[in-house]
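So you can see what is in the structure, the chains are spelled out below.
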Protein chains: 2
Amino acid sequence: MEQLRTTSVELARAARASYRAGTVGPTSGVAPGLTQANLIVLPRDWAFDFLLYAQRNPKPCPVLDVSDPGSPTTVLAPDADLRTDLPLYRIWRDGRLVAEVPDATAAWTEHHDLVAFLIGCSFTFEAALVEAGIEVRHMADGRNVPMYLIDRPCRPAGRLHGNMVVSMRPIPAGRVADAATISGRFPAVHGAPVHIGDPELIGIRDLSRPDFGDPVRIEPGEIPVFWACGVTPQAAVMASGVPFAITHAPGHMFITDVPDSAYHA
Amino acid sequence: MEQLRTTSVELARAARASYRAGTVGPTSGVAPGLTQANLIVLPRDWAFDFLLYAQRNPKPCPVLDVSDPGSPTTVLAPDADLRTDLPLYRIWRDGRLVAEVPDATAAWTEHHDLVAFLIGCSFTFEAALVEAGIEVRHMADGRNVPMYLIDRPCRPAGRLHGNMVVSMRPIPAGRVADAATISGRFPAVHGAPVHIGDPELIGIRDLSRPDFGDPVRIEPGEIPVFWACGVTPQAAVMASGVPFAITHAPGHMFITDVPDSAYHA
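Residues numbered from 1 in each chain as written. Chains lettered and ligands numbered in written order. Predicted model: local features only at pLDDT ≥ 70, side-chain atom pairs only at ≥ 80, totals over all residues. Heavy atoms only, no water.

J.: How should the overall build of chain A be read in this particular structure?
T.: Helix and strand counts for chain A come out as seven helices and eleven strands. With the C-alpha coordinates aligned to their principal axes, the bounding extent of chain A is approximately 50 × 45 × 30 Å. The buried share of chain A, taken over its 265 residues, is 57%. Contacts in chain A between residues far apart in sequence, at least 24 positions, make up 79% of those at least 6 positions apart. (Helix = DSSP H or I, 4+ residues; strand = E, 2+ residues; numbered from the N terminus. Buried < 20%, exposed > 50% of the residue type's maximum accessible area, 1.4 Å probe, protein only. Contact = heavy atoms within 4.5 Å.)

Okay, here's the thing in structure tokens:
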């Protein structure tokens with residue numbers, strides 16, 4: 001067991017080293033068994049508003065760790081550098097996406113007091129779904145998970161407001177309850193679905209046109225199941241006109257040294 | 001069921017009204033079935049450090065709600081006034097306890113931007129213990145729960161540091177596993193014990209001299225069981241020399257309108 005654990009941490013380290021060296025690509029399926037995290041980095045002046053936004057909206061924004069101001073490190077992977085070890089970053093100014101870059105070192109120098117927030121990711125429970133015999137379509141098809149900005153507002157905090165972003169997985173009708181139960185055992189990484197079935201009820205007009213990520217096949221007999229998504233902070237950055245932020249690019253997550261099982265309730 | 005629920009919320013309202021009118025006394029057993037919360041109020045300048053301290057130490061500091069700066073209200077009991085509706089408050093200056101008062105209105109006027117944090121309380125799972133036939137000694141004996149400052153440091157955050165405070169309940173050896181399992185189902189209100197058995201291992205020399213609250217009887221065959229306690233923020237206020245804070249007095253909690261069952265995982 002200890003051997004297994006050591007080996008998978010080495011996979012996480014190798015993946016981060018590869019991203020640091022310039023590799024770009026979605027992280028779904030990379031370093032299986034290790035928790036992946038969403039990233040949002042804000043100046044210290046915005047850090048309380050954001051941490052409060054996360055506290056008030058724990059399903060889309062479950063906080064796994066917060067760096068000290070100015071530090072690009074995290075207890076979730078002590079040897080990692082958050083400026084370089086994700087495959088792809090987004091730079092935001094005044095709520096607008098201005099660049100996607102494979103290295104955030106230059107952007108990180110613009111403020112001396114940046115605070116990095118690592119937010120849970122639904123990839124953590126996908127392995128448990130697969131283990132239960134539930135196909136995760138975007139993994140099976142080698143695509144990025146489809147994500148949608150829905151019409152449900154998050155509870156605002158200070159200067160931050162915005163709607164929720166959800167990820168969608170099509171699940172055979174007979175396994176939807178299982179998928180809800182299994183994901184519900186991981187409350188620290190979005191937990192149970194926020195919506196099951198009719199997309200229009202949450203303001204999604206066309207499943208084939210996600211706001212982030214790739215569309216996926218929906219087979220006859222499958223129901224679209226929606227989970228709160230860690231891209232929600234990016235929607236808040238946009239809606240609130242945050243002056244400066246660095247985030248991961250959707251689907252291009254931070255790979256930690258923490259096993260998925262650590263977030264099993 | 002709806003009738004029952006309405007009635008118990010009325011008990012919570014009546015208790016708050018009584019404290020507002022000047023009644024002073026511990027809240028254990030008051031408005032049964034309604035969640036009680038620890039209170040810590042800090043100037044906005046300290047709010048990020050504290051919210052981060054809570055995020056990094058979720059067992060002793062599970063955040064149930066945070067007020068907007070300057071607002072003495074909470075979603076946990078929309079008609080309550082946090083300045084008056086607790087039975088007893090403590091006022092802290094430069095890390096020292098300077099007063100205990102039944103009304104915090106005057107202290108609250110000293111800063112325009114106070115932020116109130118409501119932290120989960122182990123009283124929430126006590127009803128579940130009693131329901132399972134496990135006597136909760138301090139309730140049975142009509143005393144305040146005994147609390148101890150232990151030698152285990154919390155993870156620091158910004159300017160805040162300090163050791164953990166634990167509450168203790170003596171449990172018959174044959175029911176300790178049950179007590180751990182039952183409380184573990186309430187992760188948002190301290191969850192499972194942090195220590196079971198030998199008090200010296202966590203730096204407690206004399207169980208009969210708690211740092212907060214009252215000592216309780218320990219009968220032959222009973223094991224002391226220790227849970228993380230929401231008085232931990234007061235220990236951080238002391239250890240860190242926080243310039244100004246208002247807290248509840250230990251055992252004199254804020255009674256919310258939220259049923260205990262809401263925090264059952």
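J.: Looking at this structure, how should I read the relation of the copies chain A and chain B?
T.: Two chain copies, one operation linking them: a rotation about an axis together with a shift along it. In the superposition of chain A on chain B (RMSD 0.0 Å, axial shift 0.0 Å), the rotation amounts to 180°. Classification of the inter-copy transformation places it as that of a two-fold axis. When each C-alpha of chain A is compared by its distance to the rotation axis, Phe48(A) comes out closest, at 2.3 Å. Of the residues that chain A buries at the interface, 100% are likewise interface residues in chain B, meaning the two copies contact each other through the same surface. (Least-squares fit on C-alpha atoms with pLDDT ≥ 70 in both.)

J.: Sorry, what's going on with the domain arrangement of chain A here?
T.: A common way to report how large an interface is uses the accessible area buried once the components associate. All names here are of chain A. The domain boundaries assigned to chain A delineate domain 1 (2-119 + 241-259) and domain 2 (123-232). Each of domain 1 and domain 2 has a C-alpha centre, and these two points are 21 Å apart. With 25 residues of domain 1 at the interface, the matching set in domain 2 holds 30 residues. Across the domain 1 to domain 2 interface the summed buried area is about 2,200 Å²; carbon plus sulfur atoms make up 61%. (Domains from an automatic or database assignment. Buried area = accessible area lost by both parts, 1.4 Å probe.)

J.: Would you explain the side chain of Asp260(A) in this entry?
T.: Residues and elements named next belong to chain A. Looking at the secondary structure, you find Asp-260 in the segment after β11 (254-259). Look at Asp-260 and you get buried, because its relative accessible area is 10%. Once you skip the residues sitting within four places of it in the chain, Asp-260 turns out to touch Gly-33, Leu-34, Thr-35, Thr-124, Ala-127 and Phe-186.

J.: Before we go on, may I ask you to explain the nonpolar core in this structure?
T.: By size, the foremost hydrophobic cluster in this structure holds 70 residues, and its most contacted members are Phe48(A), Phe50(A), Phe117(A), Phe48(B), Phe50(B) and Phe117(B). Each residue touching Phe50(A), except ones within four places of it in the same chain, is listed here: Ile40(A), Leu42(A), Phe117(A), Ile119(A), Leu160(A) and Pro233(A). (Core = buried A, V, L, I, M, F, W, Y, C linked by side-chain atoms within 4.5 Å.)

J.: Just checking my understanding: could you explain helix α6 (residues 176-184) of chain A for this structure?
T.: Every α-helical turn comprises 3.6 residues, leaving residues that sit three or four positions apart pointing alike. Among the residues making up α6(A), those that are buried are Val176(A), Ala179(A), Ile182(A) and Ser183(A). Buried positions in α6(A), seen along its axis, are confined to an arc of 130° and lie on one side of it. (Arc of directions from axis to C-beta.)

J.: How do you make sense of the packing of helix α2 (residues 44-56) of chain A against helix α2 (residues 44-56) of chain B when you look at a structure like this?
T.: Each packed pair of helices is defined by two parameters, the angle between the axes and the distance between the axes. It is at 10 Å that the axes of α2(A) and α2(B) come closest, and there the two elements cross at 50°. By the angle class used here, α2(A) and α2(B) are oblique. Helix-helix and strand crossings are classified by hand; for α2(A) and α2(B) the assignment is left-handed. Together, Arg44(A), Asp45(A), Ala47(A), Phe48(A), Asp49(A), Leu51(A), Leu52(A) and Gln55(A) of α2(A) and Arg44(B), Asp45(B), Ala47(B), Phe48(B), Asp49(B), Leu51(B), Leu52(B) and Gln55(B) of α2(B) make up the contact between the two elements. Broken down by class, the residue content of the contact of α2(A) with α2(B) amounts to eight nonpolar, two polar and six charged. (Axes fitted to C-alpha atoms, helices over the stretch in contact; angles between N-to-C directions. Parallel < 35°, antiparallel > 145°, perpendicular 65-115°, else oblique. Left-handed = near helix turned anticlockwise from the far one by under 90°. Nonpolar A, V, L, I, M, F, W, Y, C, P; charged D, E, K, R; others polar.)

J.: Explain the interface of chain A and chain B here, please?
T.: Across the contact, 20 residues belong to chain A and 20 residues belong to chain B. When the two sides are added together, the surface that chain A and chain B hide from each other amounts to roughly 1,500 Å², 53% of it contributed by carbon and sulfur. In terms of surface lost to chain B, no three residues of chain A exceed Phe48(A), Leu51(A) and Gln55(A), which account for 39% of the buried area on that side. Summed over the shared surface of chain A and chain B, the result is six salt bridges. Here Arg56(A) makes a salt bridge to Asp68(B), at a shortest N to O gap of 3.0 Å. Taken together, chain A and chain B are joined by eight residue pairs in polar contact (both at pLDDT 80 or more). Elements that contribute at least two residues to the side of chain A that touches chain B include exactly α2, β2 (63-66) and β5 (114-120) of chain A. (Salt bridge = Lys/Arg side-chain N within 4 Å of Asp/Glu carboxyl O. Polar contact = N/O pair within 3.5 Å; in protein donor to acceptor, adjacent residues only side chain to side chain.)

J.: Just to check I follow, could you spell out the sheet that holds strand β6 (residues 147-153) of chain A for this structure?
T.: Sheets are built from strands that pair by backbone hydrogen bonding, the pairs being arranged parallel or antiparallel. All names here are of chain A. Taken in spatial order, the four strands line up as β6-β7-β9-β8 in an open sheet, and their pairing is antiparallel. With partners counted over all chains shown, the strands left at the sheet margins are β6 and β8 (195-196), one partner each. When β6 meets strand β7 (residues 163-172), the two strands line up antiparallel, connected through four bridges. Among the inter-strand pairings, Met-147 is bridged to a residue of β7, identified as Ser-167. Here helix α7 (residues 232-240) sits on the sheet and contacts β6 and β7; the angle it forms with β7, its principal contact strand, is near 145°. (Pairing = 2+ DSSP bridges.)

J.: For this particular structure, what's the right way to read the pattern of salt bridges?
T.: When the charged atoms of two side chains lie near each other, side chains of opposite charge can form a pair. Residues and elements named next belong to chain A. Inspection of every chain in the model, using the stated rule, returns 36 salt bridges over all chains. The partner of Glu-126 in a salt bridge is Arg-169, with the nearest N and O atoms 2.8 Å apart. Residue Glu-126 is located in helix α4 (residues 123-131), and its partner Arg-169 is located in strand β7; the two are separated by 43 residues in the primary sequence. Exposure remark for Glu-126: the relative accessible area of 2% places this residue in the buried category. When salt bridges with common partners are traced through the structure, they connect Arg-13, Arg-16, Asp-79 and Asp-257 into a single cluster.

J.: So what exactly am I meant to see when it comes to the side chain of Thr124(A) here?
T.: Here Thr124(A) is to be found in helix α4. Beyond its immediate stretch of four places on either side in the chain, Thr124(A) contacts Thr35(A), Gln36(A), Phe186(A), Val189(A) and Asp260(A).

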